[in-house]
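Here are the chains, one letter per residue:
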Amino acid sequence: MTSSAEPVLVIVPAWNEERNVGATVREIIEAGEGYDVAVIDDGSTDSTARVAREAGAIVLSLPFNCGVGGAMRTGFTYAQRNGYRRAIQVDADGQHNPSDIDRVLAGLDSADISIGARFSDVGDYEVRGPRRWAMVFLASVLSRVAHTRLTDVTSGFRAAGPRAIDQYVSYYPAEYLGDTLDSLVAACHAGLTVTQVPVAMRQRLHGRPSQGPIGSTIYLLRSVFALSLAVMRRARPDRRNSADGSTT
């Protein structure tokens, strides 16, 4: 359980989001005291880094596009090295409402990971067809792994406590949806606890999402297979230290 007086690192992965990131950073800063905003410029070719810096964010620029997973691992590494005990992901496109940050962080009072869930009777976010079926299936599987009911395991609006930050620095996959699904499975296998809180999603401020409806559906269906492998995999023991304390 962490103190609300402790600073929080708000990690904003951003790839070519110059039209959105400035407004997102300013809204986060205005949402509450104690939020330090770190924008991870994921190899953008536009002015994302400059706009984010001018809006008041710490900017960490990657030399090329690493994907959300690579950007988030960078953010969690920064959080760990700078002593943050709580960190939360907020997307640069404006879909995550900064006014809900405190709500998601509150979940860390009872768990290591808190997910802002879009399908919990708050707001009007809706997904239909095969994509919805895949998401329901994924949620049912992850609920069993996490030993708690989850409805939105692909949400990127999630907070991490100190144990989760350490886990994510150690392992955080870069592939699409691996940053949400595989990372969550690995965290559960490592003994971390998960909860969810209801949040309402908003429309993007500008531009289009990196994955359209068809692309998202294909990736989600592929992720069912990937999730099956992740669930069967157990956390590998630390080979650096054996039971007698010697290094292997």
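Each value, and the rule that gives it
- Residues numbered from 1 in each chain as written.
- Predicted model: local features only at pLDDT ≥ 70, side-chain atom pairs only at ≥ 80, totals over all residues.
- Heavy atoms only, no water.
- Pairing = 2+ DSSP bridges.
- Helix = DSSP H or I, 4+ residues; strand = E, 2+ residues; numbered from the N terminus.
- Axes fitted to C-alpha atoms, helices over the stretch in contact; angles between N-to-C directions.
- Contact = heavy atoms within 4.5 Å.
- Salt bridge = Lys/Arg side-chain N within 4 Å of Asp/Glu carboxyl O.
- Buried < 20%, exposed > 50% of the residue type's maximum accessible area, 1.4 Å probe, protein only.
- Core = buried A, V, L, I, M, F, W, Y, C linked by side-chain atoms within 4.5 Å.
- Parallel < 35°, antiparallel > 145°, perpendicular 65-115°, else oblique.
- Left-handed = near helix turned anticlockwise from the far one by under 90°.
- Nonpolar A, V, L, I, M, F, W, Y, C, P; charged D, E, K, R; others polar.
- Arc of directions from axis to C-beta.

We now examine the sheet that holds strand β4 (residues 87–89). In spatial order, the strands read β3-β2-β1-β4-β6-β5-β7; together these seven strands make up an open sheet with mixed pairing. At either end of the open sheet lies a strand with only one pairing partner, and these are β3 (58–62) and β7 (194–198). Taking each pair of neighbouring strands and ignoring which way they run, the sheet shows an average axis angle of 20°. Examined bridge by bridge, β4 and strand β6 (residues 158–160) share two bridges and lie antiparallel to one another. The residue bridging Ala87 from the neighbouring strand is Ala160, located in β6. Contacts between helix α6 (residues 162–170) and the sheet are confined to β4, β5 (113–117) and β6, with β6 contributing the most and set at about 100° to the helix. Contacting β5, β6 and β7, helix α7 (residues 181–189) runs over the sheet at an angle of about 145° to β5.

For the structure on display, the rule yields four salt bridges. Across the pair Glu54 and Arg50 runs a salt bridge whose closest N-O atoms are separated by 3.3 Å. In this pair, Glu54 and Arg50 both sit in helix α2 (residues 48–55), four residues apart, roughly one turn of the helix. Where Arg163 meets Asp112, a salt bridge forms, and the shortest distance between an N and an O atom there is 2.8 Å. Separated by 51 residues along the polypeptide, Arg163 in helix α6 and Asp112 in the loop between α4 (101–106) and β5 bring together distant segments of the chain. What makes Arg163 partly exposed here is its relative accessible area of 43%.

Counting 33 residues, the largest nonpolar core has Phe76, Ile113, Leu184 and Val194 as its most contacted members. Only β1 (8–14), β2 (35–42), β3, α3 (67–81), β5, α5 (129–146), α6 and α7 provide two or more residues apiece to this core. It is α7 that contributes the most residues to this core, five residues altogether. Core analysis: the next-biggest nonpolar cluster, separate from the first, contains 27 residues, Val10, Ala14, Val59 and Ile101 among them.

Running from N to C, α3 and α6 cross one another at 130°; their axes reach a closest spacing of 9 Å. Here α3 lies oblique to α6, going by the angle between them. The crossing of α3 and α6 is left-handed. Contacts from Arg73, Phe76, Thr77, Ala79 and Gln80 in α3 reach Ile165, Asp166, Tyr168, Val169 and Ser170 in α6. A class-by-class count of the residues in the contact of α3 with α6 yields five nonpolar, three polar and two charged.

Glancing now at α2. Taken together, the buried positions of α2 are occupied by Thr48, Ala49, Val51, Ala52 and Ala55. An end-on view of α2 places all buried positions within 165° of arc, on one side of the element. Where α2 is buried, its residues touch β1, α1 (21–31), β2 and β3. At the exit of α2 stands Gly56, carrying a positive phi of roughly 115°.

Any functional reading would require information beyond the geometric quantities listed.
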